[in-house]
Amino acid sequence: MMILIGITVTIYLYARKAVKNEPLKGNIESFLSSVNVRLSLYKNQKPKLLLNSLLELSRKVMLYSLISYVIIRLFPDRIQNYFVNLVAPILVISILLQVSISWIHYHNKTLKEFFLSYPVIFLLFTPLIVFFMGEYFGDINFDITNVFYPFKSLIDKIGIFYFQLIWFVVLSISFYLGTMIIAFPIYLMLYTLIVLTSLLIKFLEKYIDIHILDGIVATIGLITAFCKIYL
């Protein structure tokens, strides 16, 4: 990571200071100036709006990652493994962003969509589904206690319907709390990062008479150097 940051900072400094040839220098300056304007506007945006934009971006990245994965499967194994290692982390990150932001921002809607999806409904009502399949296909000895063997004694003791109720409650709570445990820390980290970045941009604009990007790159460079020396 430190090496990647160092390379990025070096490329930025080279683009800003070393390139002299036109029109390349003009194109670079124009691009960096447009980014600088966007950063200046960014500091006044509400975190919720920025997170909504990130949510939309994560949806697109997730879709493109899935399409890329399907295409990659057509490549030879050696090339396929290399590109899968690149695409898989991007796909996982986009899914985590999607789940985290939508779970917090649109909690009721996301919760409803989640628990009304067919896979989740099937999981929540699996005991009853298996039981009625056993009743229907009784001639092939399809017993629910064979499927839920660890719970055999509990099913025999309380019956299938009470077992279904316990299964539903425990699984629902587990799904809810599990998603919350994943979503809330990620959302909090993103919200904090947005606020800190906004404060950094305001500080750079107020106290340092340079491009915002220059200030950000310089700050990253100092932090990287500090970590490299003392950590």
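Heads up: the structure comes first, above all this text.
Here is what the cut-offs are and how they apply
Residues numbered from 1 in each chain as written. Predicted model: local features only at pLDDT ≥ 70, side-chain atom pairs only at ≥ 80, totals over all residues. Heavy atoms only, no water. Helix = DSSP H or I, 4+ residues; strand = E, 2+ residues; numbered from the N terminus. Buried < 20%, exposed > 50% of the residue type's maximum accessible area, 1.4 Å probe, protein only. Contact = heavy atoms within 4.5 Å. Areas by Shrake-Rupley, 256 points an atom, 1.4 Å probe, with all protein chains shown as cover. Axes fitted to C-alpha atoms, helices over the stretch in contact; angles between N-to-C directions. Left-handed = near helix turned anticlockwise from the far one by under 90°. Nonpolar A, V, L, I, M, F, W, Y, C, P; charged D, E, K, R; others polar. Expected span 1.5 Å × (residues − 1). Core = buried A, V, L, I, M, F, W, Y, C linked by side-chain atoms within 4.5 Å. Phe/Tyr/Trp six-rings, centres within 6.5 Å; stacked < 30°, edge-to-face > 60°. Salt bridge = Lys/Arg side-chain N within 4 Å of Asp/Glu carboxyl O. Patch = residues over 30% accessible without salt bridge, like charges linked within 9 Å, V, L, I, M, F, W, Y side chains within 5 Å. Polar contact = N/O pair within 3.5 Å; in protein donor to acceptor, adjacent residues only side chain to side chain.

Undergrad: Whenever I open this one, the overall build of the chain confuses me. Can you help?
TA: Counting secondary structure elements, the chain contains 11 helices and zero strands. Helices and strands appear in the chain in the N-to-C order α-α-α-α-α-α-α-α-α-α-α. Looking at the chain as a whole, 29% of its 231 residues are labelled buried. Across the chain, every contact between residues at least 6 apart in sequence was considered, and the portion connecting residues at least 24 apart equals 68%. Carbon together with sulfur atoms contributes 72% to the accessible area of the chain, which is approximately 16300 Å² in total.

Undergrad: Honestly, the packing of helix 3 (residues 47-72) against helix 4 (residues 77-105) in this entry has me stumped. Any pointers?
TA: Any two packed helices are characterised by how steeply their axes cross, that is the angle between the axes, and by the distance between the axes. The geometry of helix 3 relative to helix 4 is characterised by a closest axis approach of 8 Å and an angle of 150° between their N-to-C directions. Helix 4 is crossed by helix 3, and the crossing has left-handed handedness. Of the residues that constitute the contact of helix 3 with helix 4, the class distribution is 16 nonpolar, nine polar and two charged.

Undergrad: Looking at this model, I keep getting lost on helix 3. Mind explaining?
TA: Because an α-helix completes one turn every 3.6 residues, residues spaced three or four positions apart along the sequence face the same direction. End to end, helix 3 covers 36 Å across 26 residues, agreeing with the expected 38 Å (1.5 Å per residue, within 8%). The complete set of buried residues in helix 3 reads Pro-47, Leu-50, Leu-51, Asn-52, Leu-55, Ser-58, Ser-65 and Ile-72.

Undergrad: What am I meant to see in the nonpolar core here?
TA: Counting residues in hydrophobic clusters, the biggest one holds 20 residues, and the most contacted among them are Leu-39, Leu-51, Leu-190, Ile-201, Ile-212 and Ile-216. Of all the secondary-structure elements, those providing two or more residues to this core are helix 2 (24-42), helix 3, helix 4, helix 10 (160-207) and helix 11 (212-230). Counting residues per element, this core draws most heavily on helix 10, at six residues. Discounting chain neighbours no more than four positions away, the residues touching Ile-216 are Leu-39, Leu-200, Ile-201 and Leu-204. In terms of nonpolar packing, the next biggest core, distinct from the first, is built from six residues, Leu-128, Val-130, Phe-148 and Ile-160 among them.

Undergrad: How should the packing of aromatic side chains be read in this particular structure?
TA: In this description, an aromatic ring pair is defined by two values, namely the gap between the centres and the angle between the planes. Per the stated rule, a full pass over the model turns up 11 aromatic pairs. Seen in terms of ring centroids, Tyr-82 and Phe-83 are 5.4 Å apart; in terms of plane orientation they differ by 80°. Their pairing is edge-to-face. Judged by centre distance (5.1 Å) and plane angle (90°), the ring pair of Phe-114 and Phe-115 falls under edge-to-face. What makes Phe-115 buried here is its relative accessible area of 19%. Here the aromatic cluster, defined as three or more aromatic residues joined through ring pairs, consists of Phe-75, Tyr-82 and Phe-83.

Undergrad: I keep staring at the pattern of salt bridges and nothing clicks. Help me out?
TA: Any two side chains of opposite charge can pair if their charged atoms end up close together. For the coordinates displayed, the defined rule picks out two salt bridges. For Lys-152, the salt bridge identified is with Asp-156, shortest N-O distance 3.3 Å. Taken as a pair, Lys-152 and Asp-156 lie in helix 9 (residues 152-158) at a separation of four residues, close to a single helical turn. You can call Lys-152 partly exposed: its relative accessible area is 34%.

Undergrad: Can you help me understand a nonpolar patch on the surface in this one?
TA: Together, Leu-63, Tyr-64, Ile-67, Ile-71, Leu-74, Phe-75, Ile-79, Tyr-82, Phe-83 and Leu-86 make up a nonpolar patch on the protein surface, roughly 1000 Å² of accessible area in all. When residues of the nonpolar patch are traced back to their parent elements, those giving at least two are helix 3 and helix 4. By relative accessible area, which is 32% here, Phe-83 ends up partly exposed.

Undergrad: Is there a simple way to think about the packing of helix 4 against helix 5 (residues 107-115) in this case?
TA: Where helix 4 contacts helix 5, the axes come no closer than 5 Å and their chain directions differ by 120°. The residues of helix 5 that touch helix 4, namely those facing Ser-102, Trp-103, Ile-104 and His-105, are His-107, Thr-110 and Leu-111. Along the lines of polarity and charge, the residues of the contact of helix 4 with helix 5 split into three nonpolar, four polar and no charged.

Undergrad: I keep staring at the side chain of His-105 and nothing clicks. Help me out?
TA: Structurally, His-105 can be placed in helix 4. Judged by its relative accessible area of 14%, His-105 is buried. Polar contacts involving the side chain of His-105 include one to the side chain of Tyr-187, which spans 2.7 Å. Excluding anything up to four places from it in sequence, His-105 contacts Lys-48, Leu-51, Asn-52 and Tyr-187.

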